[in-house]
Structures are given as structure tokens and as C-alpha cells.
Amino acid sequence: MDTQLLGNISENILGLFPIVKKKFFTYGPLDFPLHLSPNNFQVLLLLREVRSSTVSDLSKQLNVSRPNMTPLLDKLVEHGLADRQSCDSDRRVVNVAITEEGDAFCEQVFHVFSGKIQERLVFLPEEDLLRLSEALNELKQILLKIDNSTP
């Protein structure tokens, strides 16, 4: 394996995050729907993907300590976006599931963010838009090949 190539790829991927954030997601705390933090939304997106999970598994997947998960989940439950459920087989285990309102909220936020992205992209020449679309499609296909179960 070419370690220089791998280093170059990892630097480019890490360099994309601040650029994408700066170009598309510069918002103030009051611009985020329901005054949720980006961390709240990250938890909700994970729940949308997995549908239901234990608090412990969510904290592991997001690399957030279990005590720090509590206020994040409290806010989602408060707004009806997620629901806590006791496990039938072990009452110490708490499951968290996304609600229908949570799914609808994710769709709404995706629509808003998609609109913001489109507002920024509209100024690019069509040739650049086509190249960007092809590059993103190819990047997505390549990244989907990565096996998350290996360290």
C-alpha cells in the first residue's frame, strides 16, 4: 500500500470538512430549527439511520460519553423527535427510537439545507456543476466500498 497516497487522500478528506462547513453551513445558533445544536441533529440523523438503539450504543457510535448523551436525548424527546423505551428483558437498558415527527423533521431540515446549498451552487458555471456532480457521485460510490467493521 502506498502510504504517501493514503496520507494525501486522508489530508484531502479532512480538508473538505471545513471548506464544506464554511461554504454551505455557516449558520447562527438561532438559524438551526427548534434551537437544536448540531450535536442534537447528529444524534437524530443516527437514529434515523438505525431507527432504534440503546443509549450505550448511540454513545459509542457518536463517540460521546453516556452522561453527555442524556441532555442531547432529553432535547430530542422534549420536542417529540425521539422516544425513550425501557427494554422488556432488562429494565436497566433504555432504548431510544426516532418518532414519525423526527423523520418529518429530518426531511424538513434536509429540504432547508438543500435549498441553502443550491443557493450557493447556482453561481457556478454549468460545466463546474456537471464536474462537481460527477465527482460527488464517484466519491460516494468509492466511499460506500469501505468496510466499517475493520479498524
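Residues numbered from 1 in each chain as written. Predicted model: local features only at pLDDT ≥ 70, side-chain atom pairs only at ≥ 80, totals over all residues. Heavy atoms only, no water.

Draft legend 1. Structural context of unusual backbone geometry. The residue Arg51 is not glycine, and still its phi comes out positive at about 75 degrees. Mapping Arg51 onto the fold places it in the loop between α2 (38-50) and β1 (52-54). Positive phi, normally seen in glycine, also occurs at Asn63, with a value near 60 degrees. Looking at the secondary structure, you find Asn63 in the loop between α3 (55-62) and α4 (66-78). By relative accessible area, Asn63 is classed as exposed at 73%. (Helix = DSSP H or I, 4+ residues; strand = E, 2+ residues; numbered from the N terminus. Buried < 20%, exposed > 50% of the residue type's maximum accessible area, 1.4 Å probe, protein only.)

Draft legend 2. Here's a closer look at the packing of α2 against α4. Where α2 contacts α4, the axes come no closer than 9 Å and their chain directions differ by 80 degrees. Here α2 is positioned roughly perpendicular relative to α4, judged by the angle of their axes. Here α2 contributes Asn39, Asn40, Val43 and Leu44 to the contact with α4, which in turn contributes Met69, Pro71, Leu72, Leu73, Lys75 and Leu76. Of the residues contributing to the contact of α2 with α4, the split by class is seven nonpolar, two polar and one charged. (Axes fitted to C-alpha atoms, helices over the stretch in contact; angles between N-to-C directions. Parallel < 35°, antiparallel > 145°, perpendicular 65-115°, else oblique. Contact = heavy atoms within 4.5 Å. Nonpolar A, V, L, I, M, F, W, Y, C, P; charged D, E, K, R; others polar.)

Draft legend 3. Representation of the sheet that holds strand β3 (residues 94-98) in the model. Strand order in the open sheet formed by three strands is β1-β3-β2, with antiparallel pairing between adjacent strands. Each end of this open sheet is capped by a strand with a single partner; those strands are β1 and β2 (82-86). Recorded for the sheet is a direction-independent mean angle of 25 degrees between the axes of neighbouring strands. Pairing of β1 with β3, which is carried by three bridges, proceeds in the antiparallel orientation. From the neighbouring strand, Ser53 faces β3, where its bridge partner is Val96. The strands that α2 touches are β1, β2 and β3; relative to β3, the one it contacts most, it runs at about 90 degrees. (Pairing = 2+ DSSP bridges.)

Draft legend 4. Summary view of the environment of Val55. Here Val55 is to be found in helix α3. Separated by 39 residues in sequence, Val55 and Val94 place their C-alpha atoms 6.2 Å apart.

Draft legend 5. How the structure looks around the pattern of salt bridges. Applying the stated rule across the entire model yields six salt bridges. The closest approach of N and O atoms between Asp74 and Arg84, which form a salt bridge, is 2.6 Å. Here the residue Asp74 occupies a position in helix α4, and Arg84 occupies one in strand β2, the gap between them amounting to 10 residues. Via salt bridges that share partners, Arg48, Arg51, Asp103 and Glu107 belong to a single interconnected network. (Salt bridge = Lys/Arg side-chain N within 4 Å of Asp/Glu carboxyl O.)

Draft legend 6. Molecular detail of the layout of surface pockets. Taken as a whole, the largest pocket encloses approximately 1,700 Å³ of empty space. For the largest pocket, the lining is made up of 30 residues, of which Leu16, Phe17, Val20, Phe25 and Leu143 are closest to its centre. Of all the elements in the fold, those that place two or more residues in the lining of the largest pocket are α1 (3-24), α2, α3, α5 (100-121) and α6 (126-143). A per-element tally of the lining of the largest pocket places α1 first, with eight residues. (1 Å grid on protein atoms, 1.4 Å probe; cavity = no way out; pocket = protein on both sides within 12 Å on 5 of 7 lines; lining within 4 Å. Points joined across faces, edges and corners; volume = space filled by probe spheres on them.)

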